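The primary structure of each chain is shown beneath.
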Amino acid sequence: MLHDVEAVVLVGGKGTRLRPLTLSAPKPMLPTAGVPFLAHLLSRIRQAGVRRVVLGTSYLAETFSDHFGDGSAMDMEISYVVENQPLGTGGGIRNVFKYLSADDVLVFNGDVLCGTDLTAVVDTHRRTDADVTLHLVRVQNPRAFGCVPTDDDGRVTAFLEKTEDPPTDQINAGCYVFRRDVIESIPEGRPVSVERETFPDLLASGARVSGHVDNAYWRDMGTPLDLVHGSADLVRGVAPSAALPGPPGESLVLNGATVDRTARVFGGTTVGRGVTIGRGARVEGSMLFDGAVVEDNARLVYAVIGAGARVGEGAVVHDTVIGDRAVVGAGCELRRGMRIWPEVVLPPHGVRFSPDV
Ligand code: GTP
C-alpha cells in the first residue's frame, strides 16, 4: 500500500475537443457511469493506499471543490490549487510543489481511464532509483500517439512524435512518479509542457527516466467517442473503478429514471436521474445525462445526450453529442461525430451528417 506517496491530479484543461459538453463542466467533472469522471480515478488512487491528493485546477476551478470538498467522503484529504493562467501540464505540477511533502509523488492526467497497478508503477520507480518514472502502456494503434521507447534496462531513450511507422507500441499513459525535488526543478510561473519540455530536458541532462510498461486497460477520455466508450466500459465492469454506483451490467439506471418496458437499453448505457425513455426505443452504449428525454422508437448508438435534452420520436442519433436542453425533432437522423450545441432546436425529419450545429 502506498501510504507514503502523495498524488497530484491535473484537471485544469479546457477540454476543447469535448465541446459543447465542456462548456458547462470541466472534462473530469462530466457525469460518467453515474459520478463525475474524476471520482473513478480518485477511487483507484485511494484503493492503492494514497490519501493525500492535490488537484491542479484552472478552468471552472470551483466545480471541483464544490463537489469533492475536503475529500473526507472518500476518506481522502483533497486540496485545490488554482492557476489564474493555465500553466500547462508541467507548469501545473510545479505550481503545486509547496503543497507536497512526500518524497515520491504520483502525477495523473485527470482525463485518463486506466486499470494499471499503481503500486507496481511506484515499485519500478524505487527499484530503478529513478528521477521520474512514466507509466507506458502498449496499444494496438501506436500510430495515433507519440511513442516512448525504452532500453533493456527499462530506461526511456526518447520521446517520439506521431509517425506512420512507430518503432514501439509503448505510449505515454499520462501517469508518472516524480521525485519531489525533480518537481522543484521545473521552471516556475510560466506555461511548461511536461511531454514536450520537462521529459526531453531530463533525458538530455542524463537523468534517470524509467518506463513502467504494461498492457493495462487504458483510454484517454479526450474525444466524445472515447468518452462514450470509456463510460460504457465502466458500466460493464471492463474498466475498473471502485466508484461505480451499482453492480456492473449492460446498463446503469440512476434514481428517478423511467424506462418503458418495451425499450432496449444495453451496451453499457448510463441512464441519468429523471431520464425518460419511451416505448420501443433502442439505446446502445450511450450516456444520457440527467433529465434527458428519449421519445418512442428513437434509436441511439454511442450517443451523448446532454442534461434536459430531448430526442424526438423515431429519431436516430449515432456517434453524436447533443448539448444540454437541445431538441432533436422527430425522425431526424444524426450521425458521424456531429455535435449539437445547447438549446438548439432541430426541426423534424432532417438528415444531417455534418457540420456542427
Ligand atoms: P483539449 O482542449 O480537448 O485538448 O483537452 P485538455 O485541455 O484537457 O488538454 P489535454 O487533454 O492535453 O490535457 C491532459 C490533462 O492535463 C487533462 O487532465 C487536463 O485537465 C490537464 N491540463 C491540461 N492543461 C492544463 C493546465 O494548463 N493546467 C492544469 N492544471 N492542468 C492541465
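All residue numbers here refer to positions counted from 1 along the written sequence of the relevant chain. A pLDDT threshold of at least 70 governs which residues receive local features in this predicted model, and a stricter bar of 80 or more applies before side-chain atom pairs are shown or counted, although totals over entire chains, interfaces and linings include all residues. By convention in this description, side-chain values take in all heavy atoms of the structure and omit both hydrogens and water.

A.B. asks: Help me understand the overall build of the protein in this model?
C.D. replies: For the purposes of this entry, the term helix denotes a DSSP run of H or I that reaches at least four residues, the term strand denotes a run of E that reaches at least two, and both are numbered from the N terminus. Check the secondary structure of the protein and you find seven helices and 29 strands. Only C-alpha atoms enter the radius of gyration; for comparison, a globular chain is expected to reach 2.2 Å times N to the power 0.38, where N is the number of residues. Taken against the 2.2 N^0.38 rule, which gives 21 Å for 357 residues, the C-alpha radius of gyration of the protein at 21 Å falls within 12% of a compact globule. A principal-axis box enclosing the C-alpha atoms of the protein has dimensions of 65 × 45 × 35 Å. Partly exposed residues are those whose accessible area sits between 20% and 50% of the maximum for their type, while under 20% is buried and over 50% is exposed, using a 1.4 Å probe and protein chains only. In the protein, which comprises 357 residues, the share counted as buried stands at 55%. Note on contacts: a residue pair is in contact if any heavy atoms of the two residues lie within 4.5 Å. Contacts in the protein between residues far apart in sequence, at least 24 positions, make up 51% of those at least 6 positions apart. Entry remark: accessible area of the protein is about 14,900 Å², with carbon and sulfur atoms responsible for 47%. Under this rule, positive means Lys or Arg and negative means Asp or Glu; His and the chain ends count for nothing. In this description, the location of a charge corresponds to atom NZ of lysine, CZ of arginine, CG of aspartate or CD of glutamate. Between the centroid of the 35 positive side chains of the protein and the centroid of its 44 negative side chains there is a distance of 5 Å. Residue-level accessible areas treat just the shown protein chains as cover; the underlying method is Shrake-Rupley with a 1.4 Å probe.

A.B. asks: What is the right way to read the sheet that holds strand β18 (residues 287-288) from this model?
C.D. replies: Hydrogen bonds between backbone atoms are what pair the strands of a sheet, whose relative direction is either parallel or antiparallel. At least two DSSP bridges between two strands are required for those strands to pair. Pairing is parallel across the open sheet formed by six strands, whose spatial order is β12-β15-β18-β21-β24-β27. Edge positions in the sheet fall to β12 (251-253) and β27 (339-340), since each has one partner strand and no second. Where strand β24 (residues 321-322) and β27 come together, two bridges link them in parallel fashion. Within β27, the position partnered with valine 321 by the bridge is arginine 339.

A.B. asks: I would appreciate a short explanation of the side chain of histidine 212 in the present structure.
C.D. replies: Along the chain, histidine 212 turns up in strand β10 (residues 209-214). Under this definition, polar contacts are N or O atom pairs within 3.5 Å; protein pairs additionally need one hydrogen-donor-capable and one acceptor-capable atom, and for neighbouring residues in sequence, both atoms have to be side-chain atoms. A distance of 3.5 Å separates a polar side-chain atom of histidine 212 from the backbone oxygen of alanine 120. Setting aside residues no more than four positions away along its own chain, histidine 212 makes contact with Ala120, Val121, Thr124, Thr133, Leu134, His135 and Leu136.

A.B. asks: Before we go on, may I ask you to explain helix α1 (residues 37-47) in this structure?
C.D. replies: When you tally the buried positions in α1, you get nine out of eleven residues, the bulk of the element. Those residues of α1 that fall on the buried side of the exposure criterion are Phe37, Leu38, Ala39, His40, Leu41, Leu42, Ser43, Arg44 and Ile45. Trailing α1 by a residue or two, glycine 49 shows a phi angle of about 105°, which is positive.

A.B. asks: Please explain the site of the ligand as it appears in this structure.
C.D. replies: The nearness test applies per residue and asks whether one of its heavy atoms lies within 4 Å of the molecule or strand. Taken together, 18 residues lie near the ligand, and Leu10, Thr16, Arg17, Glu83 and Gly88 sit nearest. Within the contact set of the ligand, an oxygen atom lies 2.9 Å away from a backbone nitrogen or oxygen of glycine 13. Contacts to the ligand include leucine 87, whose backbone N or O atom sits 3.2 Å from an oxygen atom. Contact with the protein chains covers 82% of the free accessible surface of the ligand, which is 610 Å². Here the residues of the shell around the ligand are counted per class, giving four nonpolar, nine polar and five charged. Residue polarity follows a fixed list, in which Ala, Val, Leu, Ile, Met, Phe, Trp, Tyr, Cys and Pro are nonpolar, Asp, Glu, Lys and Arg are charged, and the others, Gly among them, are polar.

A.B. asks: Would you mind showing me how to read the nonpolar core here?
C.D. replies: Nonpolar side chains in soluble globular proteins tend to be buried together. Only buried residues count toward a nonpolar core. Its members are Ala, Val, Leu, Ile, Met, Phe, Trp, Tyr and Cys residues joined through side-chain atoms within 4.5 Å. The biggest cluster of nonpolar side chains holds 28 residues, and the ones touching the most others in it are Val9, Leu38, Ile45, Leu106 and Phe108. Elements with a minimum of two residues in this core: β1 (5-10), α1, β4 (52-57), α2 (62-68), β6 (104-109), α4 (118-127) and β9 (170-179). Per element, the largest residue contribution to this core is five residues, and it comes from α1. For leucine 38, the residues in contact, after removing those within four places along its chain, are Val9, Val11, Pro28, Leu55, Phe64 and Phe68.

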